[in-house]
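As a plain string of letters, each chain reads:
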Amino acid sequence: MNAQPIHFKPSEGFRGRAKAVVDNPFLRQSFRGAMDFLMTKRAAQFPDAEELDSLRTLGEHIRQYNLGKLPDLLVQLEENLARNGIHVHWAETPDEANAIILGICQKHSAKLMVKGKSMVSEEIELNHAAEAAGIGALESDMGEYIVQLAGEKPSHIIMPAIHKTKEEIATLFHEKVPGVDYTDNVDALIQIGRRVLRQKFLEADIGLSGVNFAVAETGTLCLVENEGNGRMCTTAPPVHVAITGIEKIVEKLEHVPPLLSLLTRSATGQNISTYFNMISGPRKPHEKDGPQEVHLVLLDNGRSQAYADDQLRKTLQCIRCGACMNHCPVYTRIGGHAYGTTYPGPIGKIISPHMLGLEATATMATASSLCGACGEVCPVRIPIPELLMRLREESFSAPHENPAMRGQGAGYKPWVTAIWRGWAAVYRSPSLYRLATWLGSRFAWLMPSNQGPWTTVRVPLKPAPKRLRDMLKERG
Amino acid sequence: MSARDRILAKLRNAMPAENRPAPDVAGWFAGHRPVEGKAEKAARFRHFIELAHAEVHAVSSANWVQKLWEVLAAREIRRLLLAPGTEHGARAMNQLSQSGIECRAYDRAIEQWKEEMFHYIPAGFTAARAAVAETGTLILWPDDHEPRLMSLVPPVHVVLLDSTRIYNTFFEATQQEGWKDGLPTNALLVSGPSKTADIQVTLAYGAHGPKELVVLLMGEDA
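Keep in mind it's a predicted model, so treat the numbers as computed, not measured. (Residues numbered from 1 in each chain as written. Chains lettered and ligands numbered in written order. Predicted model: local features only at pLDDT ≥ 70, side-chain atom pairs only at ≥ 80, totals over all residues.)

*Asks:* Outline the overall build of chain A, listing residues and values.
*Replies:* A tally of regular secondary structure across chain A gives 23 helices and ten strands. Relative to a compact globule of 476 residues, whose C-alpha radius of gyration would be 23 Å, chain A shows 25 Å and is just as compact. With respect to the principal axes defined by its C-alpha atoms, chain A has extents near 100 × 55 × 45 Å. A buried classification covers 52% of the 476 residues belonging to chain A. A sequence separation of at least 24 residues applies to 73% of the contacts in chain A between residues at least 6 apart. (Helix = DSSP H or I, 4+ residues; strand = E, 2+ residues; numbered from the N terminus. Rg over C-alpha atoms; globule rule 2.2 N^0.38 Å. Buried ≥ 20, exposed ≤ 12 C-beta atoms within 10 Å, placed from the backbone. Contact = placed C-beta atoms within 7 Å.)

*Asks:* Mind laying out the domain arrangement of chain A, listing which residues take part and the relevant values?
*Replies:* The domains assigned to chain A are domain 1 (14–304) and domain 2 (414–475). A straight line from the C-alpha centre of domain 1 of chain A to that of domain 2 of chain A covers 53 Å. (Domains from an automatic or database assignment.)

*Asks:* With reference to specific residues and values, describe the nonpolar core.
*Replies:* In terms of nonpolar packing, the biggest core is built from 196 residues, with Met113 and Val297 of chain A together with Leu161 and Leu216 of chain B touching the most fellow members. The residues touching valine 297 of chain A, leaving out its near neighbours within four places in the chain, are His89, Ala91, Ala97, Ile100, Ile101, Val241 and Ile243 of chain A. (Core = buried A, V, L, I, M, F, W, Y, C linked by C-beta atoms within 7 Å.)

*Asks:* Can you break down the environment of arginine 44 of chain B residue by residue, with the values?
*Replies:* Residue and element names in this part refer to chain B. Tracing the backbone shows arginine 44 in helix H3 (residues 38–51). Judged by the 19 C-beta atoms lying within 10 Å of it, arginine 44 is partly exposed. In sequence terms arginine 44 and arginine 91 are 47 residues apart; their C-alpha atoms lie 29 Å from each other. What arginine 44 contacts, discounting residues up to four positions off in sequence, is Glu36 and Ala133.

*Asks:* Could you give me a rundown of the sheet that holds strand S3 (residues 136–139) of chain A, with the residues and numbers involved?
*Replies:* Residue and element names in this part refer to chain A. Strand order in the open sheet formed by six strands is S1-S10-S7-S4-S2-S3, and the pairing between neighbours is parallel. Every interior strand has two partners, whereas the edge strands, strand S1 (86–91) and S3, have only one. Strand after strand, the sheet turns through a mean of 20° between neighbouring axes, direction not considered. Direction of pairing for S1 relative to strand S10 (residues 293–299): parallel, over a ladder of six bridges. (Pairing = 2+ DSSP bridges. Axes fitted to C-alpha atoms, helices over the stretch in contact; angles between N-to-C directions.)

*Asks:* Please set out the sheet that holds strand S5 (residues 130–132) of chain B residue by residue, giving values where relevant.
*Replies:* To summarise the sheet geometry, strands pair through backbone hydrogen bonds and adopt either a parallel or an antiparallel arrangement. Spatially, eight strands are ordered S8(A)-S5(A)-S6(A)-S9(A)-S9(B)-S6(B)-S5(B)-S8(B) in an open sheet, and the strand pairing comes out mixed. Each of the sheet's edge strands pairs with one partner strand only, and the pair in question is strand S8 (249–250) of chain A together with strand S8 (166–167) of chain B. Sheet topology places S5 of chain B next to strand S6 (residues 137–140) of chain B; three bridges connect them, and they run antiparallel. Bridge pairing in S6 of chain B links alanine 131 of chain B to leucine 138 of chain B.

Given below as structure tokens:
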């Protein structure tokens, strides 16, 4: 395995990483092809516009209702999980979450942890923490397994290895998996993964998973997947550890079917995933399999900051389907790695600032054309474009007291604000406007030919030699 | 103060003053999902699970063991994991043993036979508790007789489904069976064989769970 840490990359490198992808025709083609495929499949799942519309409204309502009583639901969930025999842990930070999970591993003298797909475990960089503690952490979702073998991070929250061609994966398997000959046959590659990982499911001491929905009234953890690795991780090893953000909770079991339908149809265009796994406890004394111990780690990591603001709270409605990135013209062109954060694309741009602070993410919200596609497809109606505007405001306005967000004003530059103030003044006063355009037409020759980012792909801006008002005057 | 108390305190201080009323989930389903008769539900179930690559055979209470034998014979499978403690498992064991199939029971804790389970069991046979027409979905409630791994580890999973046990929707199943008042340690929805599209969005079956899912759909008086 790859022992080197894979750290969050700073947001400053965004332009360079984005340009590298835009200049790479193979990556462009991979993302374009995959996003077109996912968009088409999603559209085919929603032939009835009224049904889609009303189901999205219901989904939004369910998520907002549950967020509206989140602290009560967390307590109810904890009680019911405990009654079912599931241990509940709370973590404010990624470090706390890692310490809890590694503590469980050490208590069981665990050597190997197999992991089902969990973006929250990526968020806390559990693999690195585990390796540093001498515990093997092996990804078992095929896409995650490929990405881990390559020493990379997922480039899409649903399809982690979408940036790789089958030829690259063939080479990777040939080089990294002992005894494997080169083959770029997709079925053969999947069977290689199956064979390697099957042995690991058998040997593993700990199984780790994420959670798609946690049901408070029954004390149930729900997982959505297609491969069966999620079921393996939560069933075969003697201990199961689940980790989730504090927001993924619903009060009632009846809230699950509509959200499940929205999730699988929006994410991959499936009417339902192959498996929907509902876990309500460890093995009972008379049962013959299932883990002897089940744990749930509830992670905050900035979510409570988003929760504290009526507008930003809507960020937490997310059910992590990835439809916003599939439909994003920016994501499709630059891929998931350019963002440098665990969650890429539109959802990444609105959730990451709460996790990492605006100091590290100030420019993320500007990587958007505000076309609105993300908001239009969101199954729970998160107003993503509005939130992007809000985050721009939080990043670039002058620092003030009691900010709603950590790092507020991180992108503030007094001279930029001064220029915009001047611009606004010119447009408010007719005499100033006339003076400014007169100066512009006289001194157009002073405009530099290099105008920064503008001229990297465009001709320089230059005021016209005659103003419109002068031309109209000449006409009489 | 613990992490728990700090998180809860932060959330409690920030709770919206007034919450929205509870959503009307039942009302949405009543307005947007058909309530169908038995034959329509069975046809819809079959259509969707076949789309997901499952193999479906219409059988009767008289001939399903014969069909089970044919399914195994077509794959040259000579070993089958089943549950002799159930009526269907006992009946299958009775007849298949006479036809040269070695029937294996899940008769001990998994720790005592994990290697064998993972490497030497080519097929498992269980019943489904019920099914869902809307999405072509089997509902499994693993228990002492048919534990969780029985429907997951063997490469071929054969499922017996009583066609009168098909619900219109998952929502209807949870409501009519009162799931909120008594879930098992593990409840499963299964909608086809294991699959993945993680390599270049190319669909491949048999990722980590069963490579093949075979449904014996038992009609009322077929």
